[in-house]
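# What the coordinates show
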Amino acid sequence: MAISSSGIGSGLDVNSIVQQLMQAESRPLTVLASKESSYQSKLSAYGSLSSALSSFQSTIGGLSSLSKFQQLGTTTTDATIATATAGSTAAPGKYDIEVIQRAQAQSISTAGQASTSGAIGAGGSTTLSFQFGTIAGGTLANGLYSAASFEQDAIQPTGTVTIDSSNNSLQGIRDAINKAGMGVTATIVSDGSASPNRLVLTSTQTGATSSMKISVTGDAALQDLLAYDPAGVQNLTQNTVGQDALLKVNGIDIKNATNTLSSTIDGLTLTLGKVGSTSISVTRDTASIEAGVNAFIKSYNELHGTLKYQTGYNAATKTGGPLIGDATARTIQNEMRRMFSTQPEGLTGGLVNLSQVGISFQKDGTLALDSAKLKSAIDKNPADIGKLFATAGTPTDSLVSFVSSSTATKAGNNALIVTTLASKGQITGSAAANTTIAAGVNDALSLTIDGVSSTIKLAAGTYTADALSKHLQSMINGVSAFSSAGVSVSVTQTGGVLSVTSNRFGSASKVTISGGGATDLLGANPAASVGVDVAGTINGIVALGSGQFLTGATGSSAEGLKIQISGGAIGARGSIDFSNGYASQLNTLVGTFLGTSGLISGRTDGLNRTIKDIDAQREVINKRLVNIEARYRKQFTALDVMLANMGNTSSYLTQQLASLSNLNNQ
């Protein structure tokens, strides 16, 4: 244990001496602390710079997408009749809308029941099969059809519900139907009569093709309650007819299954509110473009301010920023300025530099905007303003569309040649289908579509070839294993011969059908073909084909350029002009600064390692100082003891000499 007294006997101030010596010995710690403070200051500065860069990147990220510059606005003279939203493909203009009839869903109800919880029937297993389609012809009176026909809609899947002793009450049937989630909503309505409780079934989709047909196999009481065939026995009464929306757009008659029309006018989605007339105007949304450009300038100026503070020198205070003279910060400044002053490659059209849209540098290094010049540029060059800022690919062929690109994609003109068009997997019967389906005989099918397998059972009955094809399509597309995997088919018939075609393009598209009913449906030797991927070249180099999509080869100037070939002919298909506008290039550049292997990360990692080394050096010095202090205290304590002993000896000798002197005087 170190002695801390200020001298044992000599009066020597050991503490003061040791403290002064240790202050001198501790000077390396002061130097290290100063270095660490400087490095911590740089780390903090890089944190501020990184935050400013992230904010700037967030702003320019929105301007990197061409859709930002293709937004359109809509106004309507009466929004209660119809409203509209415009997509990028909509054309500015005015549309006169007359809503004649809104779409609505069919609703049917059962006869009244005394109880909602009482059992209906004997509880035997009963299957309710729901089909959706169109009711045509005949007459409708008191909710019942006479001499009408029912044509199934192949687009809407068939659904089934099982009722047994566990759920054969009105409540149980309601819950089972709702749980099945097959396009029907069931509710119980009480009308106040002696047998007030009615099960009301409503199609979840509007339109004439969403009318219901319910087949019941099993318990007779449930058949009497729930069987509903608009072309036959109707044990339920129709409350609301399923009908399409009817309207006129600029005098042209339009019919649609829903009150939301997304394909009537290219790029425009209409929503119908009520019967009546209104006008809708579509105009270019210049306000959002101006707001985006202003945000871009504001964000850059904030970034510039951060860089200026961190790297500049304040003459008034005679102090420099924490990153003054820092090579990394200087590189970031220089790269940003170079990007602004360099015209993006691949730009075509009327706008090729920022000055044309009113953006210019000021003497202090900030950006300024001439709003009038920007608005004029937008009005005169609406198709080019987006390319100036965003990533853009512009094909010359209308059946070729730009999908995406990568950071490796080079700007410029890319020549396209298509050697093979994409196709879908298909199986086609070798003979006309047997249109009579018998339960347990030829109703079972095993299918594998696009690599996903499942089974179905067709509903027993006698069909026309067209009705059978629609029923088959509906049954296949209603299988959850297929729909959850995004798998679907189209079924057609020609002369009674069925064809089942996957809705997917490419080599992964394949249809196989087997099982007890396969031969009756498709004949003994159906012809199957596997889908083919699109093939072709971009700039003379073979591109990667997948489905309808071609992607530029790795290492080529078109690397990462992804386009979709939607049809057309084999051969030369024009070209795709590809460019990265200012915002897109800046977004990529800032990403390289902020990335895990970017400039800032590399610099901060280095600073953190240096600070860690300083901590290690400090620990070593502190350990050495402990030993030095202990040695000093030991040495000066020993000196103190020695001096005390010498003092004692001196006193003793003095006393002895005095005694001798006294003896001599006697």
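In the block above lies the structure referred to throughout.
Everything numeric here is computed off the predicted structure, so don't read it as measured data. (Residues numbered from 1 in each chain as written. Predicted model: local features only at pLDDT ≥ 70, side-chain atom pairs only at ≥ 80, totals over all residues. Heavy atoms only, no water.)

Along the backbone of the protein chain there are 13 helices and 40 strands. Since a compact globule built from 666 residues should have a radius of gyration of about 26 Å, the 42 Å found for the protein chain marks it as more spread out than a globular shape. Scored against the burial criterion, the 666 residues of the protein chain give a buried share of 40%. Relative to all contacts within the protein chain whose residues are 6 or more apart in sequence, the contacts with residues 24 or more apart total 72%. A total accessible area of about 31900 Å² is found for the protein chain, and carbon and sulfur atoms account for 52% of it. (Helix = DSSP H or I, 4+ residues; strand = E, 2+ residues; numbered from the N terminus. Rg over C-alpha atoms; globule rule 2.2 N^0.38 Å. Buried < 20%, exposed > 50% of the residue type's maximum accessible area, 1.4 Å probe, protein only. Contact = heavy atoms within 4.5 Å. Areas by Shrake-Rupley, 256 points an atom, 1.4 Å probe, with all protein chains shown as cover.)

Another point: the pattern of salt bridges. Per the stated rule, a full pass over the model turns up 15 salt bridges. Glu 151 serves as the salt-bridge partner of Lys 470, at 2.2 Å between the closest nitrogen and oxygen. Of the two residues, Lys 470 sits in helix 9 (residues 465-477) while Glu 151 sits in strand 8 (residues 149-152), which places them 319 residues apart along the sequence. Looking at Lys 470, the relative accessible area reads 18%, which means it is buried. Ionic contacts of the salt-bridge type, sharing partners, join the residues Glu 36, Asp 615 and Arg 618 into one network. (Salt bridge = Lys/Arg side-chain N within 4 Å of Asp/Glu carboxyl O.)

Scanning all chains against the criterion turns up 9 aromatic pairs. For the ring pair Phe 296 and Phe 389, a centre distance of 5.9 Å and an interplane angle of 85 degrees mean the geometry is edge-to-face. Taken together, the positions of Phe 296 in helix 5 (residues 286-311) and Phe 389 in helix 8 (residues 385-389) put the pair 93 residues apart, joining distant regions of the chain. With a relative accessible area of 0%, Phe 389 lands in the buried category. An aromatic cluster of at least three residues, connected via ring pairs, comprises Phe 56, Phe 69, Phe 296, Tyr 300, Phe 340, Phe 361 and Phe 389. One Lys or Arg, Arg 337, reaches over the ring of Phe 361 and ends 4.1 Å from the middle of that ring. Above the plane of the ring of Phe 549 lies Lys 562, whose end atom (NZ or CZ) is 4.8 Å from the centre. (Phe/Tyr/Trp six-rings, centres within 6.5 Å; stacked < 30°, edge-to-face > 60°. Lys NZ or Arg CZ within 6 Å of the ring centre and 35° of its normal.)

Attention shifts here to the side chain of Ser 288. Of note, Ser 288 is situated in helix 5. In contact with Ser 288, not counting residues within four places along its chain, are Lys 68 and Gln 71.

This brings us to the packing of helix 2 (residues 27-63) against helix 5. One can describe the packing of helix 2 onto helix 5 by two numbers: an axis separation of 9 Å at closest approach and a directional angle of 165 degrees. Of the possible angle classes, the one that applies to helix 2 and helix 5 is roughly antiparallel. Here helix 2 runs over helix 5; the crossing is left-handed. Counted together, Ala 45, Ser 48, Leu 49, Ala 52, Leu 53, Ser 55, Phe 56, Thr 59, Ile 60 and Leu 63 of helix 2 and Gly 292, Ala 295, Phe 296, Ser 299, Tyr 300, Leu 303, Thr 306, Leu 307 and Gln 310 of helix 5 form the full contact between these two elements. Across the contact of helix 2 with helix 5, the residue classes break down as 12 nonpolar, 7 polar and no charged. (Axes fitted to C-alpha atoms, helices over the stretch in contact; angles between N-to-C directions. Parallel < 35°, antiparallel > 145°, perpendicular 65-115°, else oblique. Left-handed = near helix turned anticlockwise from the far one by under 90°. Nonpolar A, V, L, I, M, F, W, Y, C, P; charged D, E, K, R; others polar.)

This part takes up the sheet that holds strand 40 (residues 571-580). Pairing in this open sheet of 5 strands is antiparallel, and the strands run 23-40-25-35-36 from one edge to the other. With partners counted over all chains shown, the strands left at the sheet margins are strand 23 (391-395) and strand 36 (541-542), one partner each. As paired strands, strand 23 and strand 40 are joined by 5 bridges and run antiparallel to one another. Directly across from Pro 395, in strand 40, lies its bridge partner Ile 576. (Pairing = 2+ DSSP bridges.)

Another aspect to go through is helix 3 (residues 170-180). The periodicity of an α-helix, 3.6 residues per turn, causes residues three or four positions apart to be oriented the same way. For helix 3, the full list of buried residues reads Leu 170, Gly 172, Ile 173, Ala 176 and Ile 177. Taken around the axis of helix 3, the buried residues stretch over an arc of 165 degrees, which confines them to a single face. At the exit of helix 3 stands Gly 181, carrying a positive phi of roughly 55 degrees. (Arc of directions from axis to C-beta.)

Moving on, we get to the environment of Thr 494. Along the chain, Thr 494 turns up in strand 31 (residues 489-494). Residue Thr 494 is classed as exposed on the basis of its relative accessible area of 64%. For the pair formed by Thr 494 and Asp 466, sequence separation is 28 residues and the distance between their alpha carbons is 8.8 Å.

Here we take up the side chain of Ser 474. Tracing the sequence through the fold places Ser 474 in helix 9. Excluding anything up to four places from it in sequence, Ser 474 contacts Gln 152, Asp 153, Ala 154, Gln 156, Pro 157 and Thr 158.

Take the layout of surface pockets next. If a probe as big as a water molecule is rolled over the atoms, it shows which places are left empty. Put simply, the largest pocket is a space of about 900 Å³. Around the largest pocket, the lining is made up of 34 residues, and of these Ser 129, Thr 158, Ala 459, His 471 and Met 475 lie nearest the centre. Of all the secondary-structure elements, those providing two or more residues to the lining of the largest pocket are strand 5 (126-136), strand 8, strand 9 (159-163), strand 12 (211-217), strand 29 (452-457), strand 30 (461-462) and helix 9. Of the residues contributing to the lining of the largest pocket, the split by class is 13 nonpolar, 16 polar and 5 charged. (1 Å grid on protein atoms, 1.4 Å probe; cavity = no way out; pocket = protein on both sides within 12 Å on 5 of 7 lines; lining within 4 Å. Points joined across faces, edges and corners; volume = space filled by probe spheres on them.)

On to the nonpolar core. Counting residues in each nonpolar core, the largest one holds 46 residues, and the members touching the most others are Phe 296, Met 336 and Phe 389. Looking at which element gives the most residues to this core, the answer is helix 2, with 9 residues. Every residue in contact with Met 336, bar those within four places of it in the chain, is listed here: Phe 56, Tyr 300, Leu 303, Leu 586, Leu 589, Val 590 and Phe 593. Residues Ile 135, Met 212, Ala 227 and Leu 236 belong to the second largest nonpolar core, which totals 29 residues. (Core = buried A, V, L, I, M, F, W, Y, C linked by side-chain atoms within 4.5 Å.)

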